[in-house]
Amino acid sequence: MTSTPRGVAELDAFDAVFGALAHRSRRHILAVLHARGGEMTSGAIAARFDCSWPTTTQHLRILEEAGLVTIRMNGRERLYRLEAERLRSVAGSWLDRFA
């Protein structure tokens, strides 16, 4: 089993996070999660947007794949939780290079 070199893993994290942040709707979802205490149901998130349910779930999936949100089941509801530390860690690490 080969492990990914640290530099490559860091670049992969940058690509995932900044790729997720590249779309306005995904940035908006993160801002709404932050403003609402860091956790919301998928239905509550979707109600805040004009796009279709499949489009909203696609955005949520991309945020999850980037590690910017996690999902917890509460009965039949999916609760999305903002992973602000992941955002600060990855984006901050990249920005620190320019300090």
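Enquirer: Help me out: how do you make sense of the nonpolar core in this one?
Expert: In summary, soluble globular proteins display a tendency toward joint burial of nonpolar side chains. By size, the foremost hydrophobic cluster in this structure holds 20 residues, and its most contacted members are I29, L30, L33, I45, L63, L68 and V69. Those elements giving two or more residues to this core turn out to be α1 (6-21), α2 (24-35), α4 (53-65) and β3 (77-82). Per element, the largest residue contribution to this core is five residues, and it comes from α1. In this structure, L63 is in contact with A20, R26, I29, L30, L68 and V69, ignoring residues within four places of it in sequence.

Enquirer: Quick question: what am I supposed to make of α4 here?
Expert: Because each turn of an α-helix spans 3.6 residues, side chains separated by three or four positions in sequence point in the same direction. Here α4 is 13 residues long and its end C-alpha atoms lie 18 Å apart, about the 18 Å a rise of 1.5 Å per residue gives. Of all the positions in α4, only T56, H59, L60 and L63 are classed as buried. The buried residues of α4 occupy one face: seen down the axis, they fall within an arc of 95°. Opposite the buried face of α4, at more than 90 degrees from it, the exposed residues are P54 and E65. Check the buried side of α4 and you find it contacts α1, α2, α3 (42-47), β2 (69-74) and β3. Just past α4, the residue G67 takes up positive phi, approximately 80°.

Enquirer: Quick question: what am I supposed to make of the pairing of β3 here?
Expert: Each regular strand shows side chains that alternate between the opposite faces of the sheet. Both strand β1 (residues 39-41) and β3 contribute to a ladder of three bridges, which runs antiparallel. When the bridges of β3 are listed, T41 appears paired with L79. Here β2 pairs with β3 via six bridges, running antiparallel. By the bridge assignment, N74 is partnered in β3 with E77. The hairpin turn running from β2 into β3, its antiparallel successor, is two residues long, and G75 in that turn takes a positive phi close to 70°.

Thresholds applied
Residues numbered from 1 in each chain as written. Predicted model: local features only at pLDDT ≥ 70, side-chain atom pairs only at ≥ 80, totals over all residues. Heavy atoms only, no water. Core = buried A, V, L, I, M, F, W, Y, C linked by side-chain atoms within 4.5 Å. Buried < 20%, exposed > 50% of the residue type's maximum accessible area, 1.4 Å probe, protein only. Helix = DSSP H or I, 4+ residues; strand = E, 2+ residues; numbered from the N terminus. Contact = heavy atoms within 4.5 Å. Expected span 1.5 Å × (residues − 1). Arc of directions from axis to C-beta. Pairing = 2+ DSSP bridges.

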